[in-house]
Structure formats: C-alpha cells, structure tokens
Amino acid sequence: MSASRDDLAVRKQLLVAQSALYRAQLKYEVTVLRTRATRATSWIGGAITLISLARTAVKLLSLLKR
C-alpha cells in the first residue's frame, strides 16, 4: 500500500512539473509573439511617416515650380 501511495506521489510531482513546463513554454511564446507584433507596428508607423513626408515634399516642390 505504501508503494502505491509513493507511486501516486511521484506521479503527481511529475504532472505538476510538466504543467509548469508547459506554462513556461506558453509564456515564452506569448512574449515572442508580442515582441514581433511590436516590431511590426513600429515598422509600419515609420513607413507611414516616411510616406507622409515624401508626399509633403512632392506637394511643396509642385508649389515651388508654379
């Protein structure tokens, strides 16, 4: 009886450790995805700023040509 109780205790410890590992892996993957999303957002914002500046420069040049 004691052996089966020990087996159950070891099995429980293993399941708890596996669960902690899965949670840690999930947390890491979420962090990676958030970092990628942040980089993409900042890149898109920079591209929009450059396009706006280019359009403004083209408009100013067309006004100066008149």
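Cut-off values and rules
Each chain has its residues counted from 1, following the order in which its sequence is written. Totals for whole chains, interfaces and linings use all residues, but because this is a predicted model, local features are given only for residues with pLDDT of at least 70 and pairs of side-chain atoms are given and counted only at 80 or more. Excluding hydrogens and water, the side-chain values take into account all heavy atoms of the structure. To qualify as a helix, a DSSP run of H or I must reach at least 4 residues; to qualify as a strand, a run of E must reach at least 2; elements of each kind are numbered from the N terminus. Multiply 1.5 Å by the residue count of a helix minus one, and that product is the helix's expected span. Relative accessibility thresholds used throughout: buried, under 20% of the residue-type maximum; exposed, over 50%; partly exposed, between the two (1.4 Å probe, protein chains only). Surface patches are drawn from residues lacking salt bridges whose relative accessible area is over 30%; two like charges belong together within 9 Å, two nonpolar side chains (Val, Leu, Ile, Met, Phe, Trp, Tyr) within 5 Å. The protein chains shown are the only cover counted for residues, whose accessible areas, like all others here, come from Shrake-Rupley with a 1.4 Å probe. Any carboxyl oxygen of Asp or Glu that lies within 4 Å of a side-chain nitrogen of Lys or Arg is treated as forming a salt bridge with it.

J.: What exactly am I supposed to notice about helix α1 (residues 2-65) here?
T.: Each full turn of the α-helix corresponds to 3.6 residues, which orients residues three or four apart in the same direction. Here α1 is 64 residues long and its end C-alpha atoms lie 95 Å apart, about the 94 Å a rise of 1.5 Å per residue gives. A small share of α1 lies buried, amounting to 0 of its 64 residues.

J.: How do you make sense of a nonpolar patch on the surface when you look at a structure like this?
T.: A cluster of nonpolar side chains, namely W43, I44 and I48, defines an oily patch on the protein surface of about 370 Å² accessible area. Overall, I48 belongs to the exposed group, its relative accessible area being 52%.

J.: Explanation requested: the environment of A37 in the structure shown.
T.: Mapped onto the elements, A37 comes out in helix α1. Remark: the alpha-carbon pair of A37 and A3, spanning 34 residues in sequence, is separated by 51 Å.

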